[in-house]
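# Descriptive analysis of the structure
One letter stands for each residue in the lines below.
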Amino acid sequence: MFIKRLPKFTYHLPASISEALNLLTEHGEKGRVFAGGTDLLVSMKKREVVPEHLINLKGIAELKGIRYDPKAGIRIGALVTLEEIRQSEAVKDKFCALWDAVDKMASPQVRSLGTVGGNLCGAVPSADTAPPLIALGALVKMVGVGGERSLPVEDFFKGPKESVLRRNEILTEVFIPIPSQKSSGVYLKLMRREAMDLALVGVAVCLRNDSEGICREARIALGAVGRAPIRAVEAEKVLINGKVGEALAEEAGKAASVVCRPISDIRSSLEYRCSMVEVLTKRAVMEAYRRIG
Ligand SMILES: Cc1cc2nc3c(=O)[nH]c(=O)nc-3n(C[C@H](O)[C@H](O)[C@H](O)COP(=O)(O)OP(=O)(O)OC[C@H]3O[C@@H](n4cnc5c(N)ncnc54)[C@H](O)[C@@H]3O)c2cc1C
């Protein structure tokens, strides 16, 4: 595709959330916030969107930083970069499905600019942080002029590039509750090559066992195989109250491939993506089980 130079725009650098919200209200349809710009500026060069006012969120300190509380969970500010998440020992240790995802995203340069807020708000079906955050039971917090609200990440997406975020709202943080004892997770991403590629299929699985090794909780989320990330509830039901092994994992894989709704495009066919959902879900279940140890 022919990429042009950036169109002309007026640049704003607010220092607080309220200042950013005022700018969004003032400029309405003509205004757009951005963080790393790794999605938005590319879309502007392709003339998919042409905002006249660009509001850079990176001057807002409240949206930065990771705060880990071993009793409650982890708060990740919307402006936290993918690389900062990758460097976080707490994420690597306790929320490993999310760590797997950021480890496989983009390149070091893009990871150093791109943010978790931008990845979610871009709302593309292949957004890699979405499936692990759904499987981890994460919440997103949004603030608008009318106040703030929180909701589960799985309720955030409506369709390709569409979320429940209102035009005059900003996503401020992601919160992931601390996982229970004897639980773990994993995110597996299928790409055409091993680096710098979007997911053809992404599967996140989080499991909790009881002391006998019986699976008591399972959350499975699929990326890039529907208009938005999909929670594979039927596949979860296959695992709950069962002893995870090859046969049960295979059954969960089959159940996951029934709920996925991929498209055929230049990168992969619908049939291949469905088959790969089955294969990756089985592998992810076995790996999550192995990680519980
Ligand atoms: C070479 C390359 C490789 C890539 N590889 C991957 C990959 O492997 N996996 C993947 O998932 N993505 C990938 N991406 C896409 C992109 O880098 C990520 O989605 C990144 O996380 C976007 O974050 P950002 O801060 O740059 O978003 P921006 O471009 O700043 O914003 C994206 C959208 O979100 C909105 N927005 C941003 N922050 C907020 C906020 N706090 N509140 C409200 N709205 C907000 C903006 O208005 C815009 O619509 C890649 C991009 C490039 C260029």
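Right, let's walk through the structure included here. (Residues numbered from 1 in each chain as written. Predicted model: local features only at pLDDT ≥ 70, side-chain atom pairs only at ≥ 80, totals over all residues. Heavy atoms only, no water.)

## Things to note about the sheet that holds strand β2 (residues 31–34)
Basically, it comes down to this: Strands were regarded as paired on the criterion that DSSP finds at least two bridges between them. By the criteria applied, helices consist of DSSP H or I runs no shorter than four residues and strands consist of E runs no shorter than two, each listed in order from the N terminus. What counts as an axis is a line fitted to C-alpha atoms, over the stretch in contact for a helix, and the angles between N-to-C directions run from 0 to 180 degrees. By definition, residues are in contact when any of their heavy atoms lie within 4.5 Å.
Read from one edge of the open sheet, three strands run β1-β3-β2, paired in parallel fashion. Two strands lie at the open edges of the sheet, namely β1 (10–12) and β2, each paired on one side alone. Each adjacent strand pair in this sheet contributes to an overall mean axis angle of 25°, direction not counted. In the sheet, β2 pairs with strand β3 (residues 53–56) via four bridges, with the strands oriented parallel. Directly across from F34, in β3, lies its bridge partner N56. Of the strands in this sheet, β1, β2 and β3 touch helix α1 (residues 17–27), which is tilted by about 170° from β3.

## A look at the environment of A255
Along the chain, A255 falls in helix α10 (residues 246–259). With 72 residues separating them along the chain, A255 and S183 place their C-alpha atoms 22 Å apart. In contact with A255, not counting residues within four places along its chain, are E234, A235 and V238.

## A closer look at α1
Rule in force here: Here the term buried applies to any residue with accessible area under 20% of the maximum for its type, exposed to any over 50%, and partly exposed to those in between, with areas from a 1.4 Å probe on protein chains only. Arc definition: directions from the helix axis to the C-beta atoms.
All of the buried residues in α1 are I17, A20, L21, L23, L24 and H27. Buried positions in α1, seen along its axis, are confined to an arc of 160° and lie on one side of it. The secondary structure elements touched by the buried residues of α1 are β1, β2, β3, β6 (139–144) and β10 (169–177). Phi turns positive one or two residues past the end of α1, at G28, with a value near 50°.

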